[in-house]
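# What the coordinates show
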Amino acid sequence: MNGKGPNEPHAGKPSDETGEMTGRSTAPEEPAAQSADAADNEVLPEAEQGGPSRWEGVPSDDLYANEARVVGVNGNLLTVEFELPVIQNEVAYAILRTAEGELDLKAEVIRVRGRYADLQVFEDTGGLAVGDRVRFTGELLSVELGPGLLARIFDGLQNPLEDMAAELGFFLGRGRYFKPLDRQKLWDFTPVAKPGDMLRPGDTIGTVPESVFDHRIMVPFSFEAGEDDGNYRLVEIKPAGSYTVNQNMAVLEDEHGERRTISMIQTWPVKIPLRGYTERLKPAEPMVTKVRIIDTFFPVALGGTYCVPGPFGAGKTVIQQITSRHARVDVVVLAACGERAGEVVETIRTFPELEDPRTGRSLMERTCIICNTSSMPVAAREASVYTAVTIAEYYRQMGLNVLLLADSTSRWAQALREMSGRLEEIPGEEAFPAYLESVIASFYERGGVVRLRDGSRGSVTIGGTVSPAGGNFEEPVTQSTLKVVGAFHGLSRERSDARRYPAIEPLESWSKYTSVVDDKQLRTARQVLAKGREVGQMMKVLGEEGTPIEDFIIYLKSEFLDSAYLQQDAYDKVDGASDEERQRRMFACMTELLERDYGFDSKDRARRFFQRLTQSYRDWNRVPMDSPEFTSLEEKLLNREELREDKPSGERETRPAQQAEEVGDV
C-alpha cells in the first residue's frame, strides 16, 4: 500500500489460516466512548475521557499491550514490525532509552504494509535504534475540547506553551507532554437540560462563561448516534455551581440501559470533521474585515474560504493580523505553521496588548493560537493545521462564527513533501506528493456554514496564506489551493515595493462572494482600473507626450482610485478600519467622481487637479463618519457647480483645483 492521505486508512491482522495480513477497516474509526456507571466519584479518569492516561513520563506497561519493534529509522520516519492490529493515524510512543531512564516520543501511523507500519515522529529521533520498542495506544491523534481553549497558546500537539516554558525553560524537552486544559480552574456551570430529556451527540447539557459568550457543554461527539431524534436519556445532571473540567457533570443512559458519564472535557480525532449539525448551508453573508479592497472588490463570506499567496515580505502576516482584529467574527484561531519564530513572537506579544474593537477588552480573550515554528519538528506542522481546524469546528458547534487563519500552508506542504520522499512515494510536480491537491481540498472543505439542531447557525471561515518561492503563483501549492477556495487575494511584489498597502493586486485577484457595494458601481471601478493599467503600460513605451489627453485622464482616474480608496493607513484609527456602511457611502462618491467627464485641455492641469483631489479624498478617509466634517467634505468633493464642464477653459482649469484645495484645508 502506498497511500498516505488522512482518509486512506490501512490496517491488518494475522489470519489464523495463512498468517497473512487482511484489511481491518476502510475509514478512520471514530473513538468509542467509554462506558461508566453513575458512580459518585467526582473526577473522571483520564482514560475514560478519551485521552492518553499519562501525559508526562513513560506510560505504564499494563496500559499499552500492543508493542512493536523498530526495524528502520530515517529521520523522523520510523518503520516498525508489529504483531497485533494497528490502524491508520493511530498514536504510538517510541521508547527512547537514556541514561536518566526512558522517554516517550509521540508518533502517528501514516502507512501500514503487511506486518510493517511507518510512523512519523513528532520529536527528534536522535538516539532511537533498530530493536527499540514502540507502544500503540489504540487511539487516533486527537485534541482535548472544553472550556479554557481561548486566550491560550498551544503547539501542534496541543501542549500549552506557557506551562511548558514555566517548567522546562527556554528549550523544550523531548518526550514531555502536558495537559491542554487546566484541571484546577473552576468554571461556573449552569445546567440547560433536565433529567429525562432525550439527547444526541452535540446537544447542550449546560453552559459556562468563557470570554464574552457562553461555552456550551455538549454530549460528546464520539458517542454513537442512532437514527432516532434522541438516543440518550439524561439520568442526572449537576446543579448550578463551580466545577473543574474533569468532574462528572451528567449521566446518560442509552437505549440498551448502559450508562455513561460526561465531564466538561471531550476528545476528538483531528483528521475527522465534526458533524454534529443538521445541514450545511451556502455561504452568503459577507464577513466584514473593514479592509476596503477586500470587502469591496474581493469579499469573503462567513463560512467561506480564501487564500493570500504572495512573495516573502509582501505583507501576508500583517494582513492576517489586521483581519483577525477587525473581522466580524466571534472567535479567531491562528495556526502558525512553520513560520519564522520572529513573526510568531511578534504576534504573541502584540495580541494581548491589542484592544478588541468589539468588546473593548484584550483581543487575546477570543483568540486561540496554535504555534509551530520553523524551528520545531517538521512532522508537527501537519498536526498543527488539523488541531487548529478541529478547535474551530468545536466552537462552530456553539453557534459561533469562527475565523481560522493558517500561516502558511506552504510550510505544511513542504512537510508533506519531506515525508512523502522518505516514504519513497511516486512524486508529483516539484516533488510534492501526488495527493497534495486532495489533502489541501479536504482541509478547506472543513470550513462552511452549518445549521445546528437547535436552529442556530455557526460558521468556520478559513483563510490560508501561501508562500510561493519567488512569488510564482504557478507552483503546485498555489494552484492546488486556487481550485478549492472561494476568494483569491494575490499579493504583488511591485505594489509592496511601491508601498501600496494592502499589496493585493486588484486586477489579478478575484472572489466568488457578494460585495458590500453595488455591482454596477463595482464594474465601473474595475473598468477604470483595467483601462488605467493599459494606458500605464502604453505610457512606458510612448511616454506621456505620445499619450492622448483622454487616455491620460483615464490613467489619472485609476491612480486616484488606487491611492484614495484601495490603499489604507493601518496606523490611523479611522482609516485603518472602514465598516460596510462607510464603504458604501465613500465608494458611491468615488464612483461618481470616476464617471465624470473632466474636459481638461492640458495634462499639467489634469495632473494638478487629481493630485489635489486625491489628497482631499485621503483626508476624508481619516474623518469619523459621525462627525459634521464628514458630510461637509463629502459635499465639497461632489460639488458639481465647482466642476461644471460648460465653463470657459481657463475657469474650468482653476475652479476644480481651488475646490480641491479648500477640501484639503478643512
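Our structure's up above, just so we're on the same page.
To start, this report covers the structure provided alongside it. For clarity, every value in this text was computed on a predicted model and none was experimentally measured.

### Quick word on the packing of aromatic side chains
- Following the criterion strictly, the structure yields 24 aromatic pairs and no others.
- Aromatic side chains Phe-213 and Tyr-395 sit 6.3 Å apart centroid to centroid with 85 degrees between the ring planes, which places their arrangement in the edge-to-face category. Placement of the pair is Phe-213 in strand E14 (residues 213–218) and Tyr-395 in helix H5 (residues 379–396), with a sequence separation of 182 residues. Each of the two residues, Phe-213 as well as Tyr-395, counts as buried.
- Joined through ring pairs, the aromatic side chains of Phe-560, Tyr-598, Phe-600, Phe-609, Phe-610, Tyr-617, Trp-620 and Phe-630 make up one cluster.

### Observations regarding unusual backbone geometry
- At the junction of Asp-407 and Ser-408, the peptide bond is cis and its omega measures out at 0 degrees in the coordinates.
- By secondary structure assignment, the location of Ser-408 is in the loop between strand E24 (401–407) and helix H6 (409–422).
- A cis amide bond links Tyr-501 to the next residue, Pro-502, at an omega of -5 degrees.
- Within the fold, Pro-502 resides in the loop between helix H9 (493–497) and strand E28 (510–511).
- A positive phi angle, near 70 degrees, is found at Gln-158, a position not held by glycine.
- Structurally, Gln-158 is set in the loop between strand E10 (152–154) and helix H1 (161–168).
- Although it is not a glycine, Glu-424 adopts a positive phi angle of roughly 60 degrees.
- Summarising the element assignment, Glu-424 is placed in the loop between H6 and helix H7 (436–444).

### So, the pattern of salt bridges
- In this structure the tally under the stated criterion is 37 salt bridges.
- The residue Asp-132 makes a salt bridge to Arg-97 at a minimum N-O spacing of 2.4 Å. Within this pair, whereas Asp-132 is found in the loop between strand E7 (116–121) and strand E8 (133–140), its partner Arg-97 is found in strand E5 (residues 90–98), the two being separated by 35 residues in sequence.
- Asp-497 is paired through a salt bridge with Arg-493; the nearest N and O atoms lie 4.0 Å apart. Placement of the pair is Asp-497 and Arg-493 together in helix H9, with a separation of 4 residues, close to one helical turn.
- The partly exposed category is assigned to Asp-497, whose relative accessible area is 49%.
- A cluster of three or more residues bridged by salt bridges with shared partners is formed by Glu-67, Glu-102, Arg-133 and Arg-135.

### Some words on the sheet that holds strand E13 (residues 204–210)
- Here 4 strands make up an open sheet; going across it, the order is E14-E13-E11-E16 and the pairing antiparallel. Among the strands making up the open sheet, the edge pair consists of E14 and strand E16 (241–243). Each strand of the sheet is rotated relative to its neighbour by a mean of 40 degrees, with strand direction disregarded.
- Against the sheet, H5 contacts E13 and E14, and its axis sits at roughly 100 degrees relative to E14.

### Examining helix H10 (residues 519–542)
- Over its 24 residues, H10 runs 34 Å from end to end, which matches the ideal 34 Å to within 8%, given 1.5 Å per residue.
- Among the residues of H10, those classed as buried are Leu-522, Thr-524, Ala-525, Val-528, Leu-529, Gly-532, Val-535, Gly-536 and Met-539.
- Taken together, the buried residues of H10 touch helix H2 (292–297), helix H11 (549–566) and helix H12 (580–595).
- Where H10 begins, one side-chain oxygen reaches toward the backbone nitrogen of Lys-520, 3.0 Å away; that side chain belongs to Asp-518.
- Looking one or two residues beyond H10, the residue adopting positive phi is Gly-543, at roughly 80 degrees.

### Some details on the pairing of strand E6 (residues 101–113)
- Where E5 lies against E6, 8 bridges are found, and the strand directions are antiparallel. Bridged to Ile-95 within E6 is Asp-104.
- Taken together, E5 and the strand that follows it, E6, pair antiparallel across an intervening segment of 2 residues.
- Of the strand pairs in this sheet, E6 and E7 are connected by 6 bridges, and their pairing is antiparallel. Looking at the pairing, Glu-108 lines up with Gln-120 of E7.

### With respect to the sheet that holds strand E18 (residues 259–262)
- Spatial strand order, E12-E15-E17-E18: 4 strands in an open sheet with antiparallel pairing. In this open sheet, the two strands that pair with only one neighbour each are strand E12 (198–199) and E18.
- The pairing of strand E15 (residues 232–237) with strand E17 (residues 250–254) spans 5 bridges and is antiparallel. By the bridge assignment for E17, Ile-237 is matched with Ala-250.

### Looking at the packing of H10 against H12
- Packing of H10 against H12 brings their axes to within 10 Å, and their N-to-C directions diverge by 50 degrees. Taken together, the axes of H10 and H12 lie oblique to each other. Considering the relative orientation of H10 and H12, their crossing is left-handed. Residue-level contacts link Gln-521, Leu-522, Thr-524, Ala-525 and Val-528 of H10 to Phe-587, Ala-588, Thr-591, Leu-594 and Glu-595 of H12.
- Tallied by class, residues from the contact of H10 with H12 come to 6 nonpolar, 3 polar and 1 charged.

Definitions and cut-offs
Residues numbered from 1 in each chain as written. Predicted model: local features only at pLDDT ≥ 70, side-chain atom pairs only at ≥ 80, totals over all residues. Heavy atoms only, no water. Phe/Tyr/Trp six-rings, centres within 6.5 Å; stacked < 30°, edge-to-face > 60°. Helix = DSSP H or I, 4+ residues; strand = E, 2+ residues; numbered from the N terminus. Buried < 20%, exposed > 50% of the residue type's maximum accessible area, 1.4 Å probe, protein only. Salt bridge = Lys/Arg side-chain N within 4 Å of Asp/Glu carboxyl O. Pairing = 2+ DSSP bridges. Axes fitted to C-alpha atoms, helices over the stretch in contact; angles between N-to-C directions. Contact = heavy atoms within 4.5 Å. Expected span 1.5 Å × (residues − 1). Polar contact = N/O pair within 3.5 Å; in protein donor to acceptor, adjacent residues only side chain to side chain. Parallel < 35°, antiparallel > 145°, perpendicular 65-115°, else oblique. Left-handed = near helix turned anticlockwise from the far one by under 90°. Nonpolar A, V, L, I, M, F, W, Y, C, P; charged D, E, K, R; others polar.

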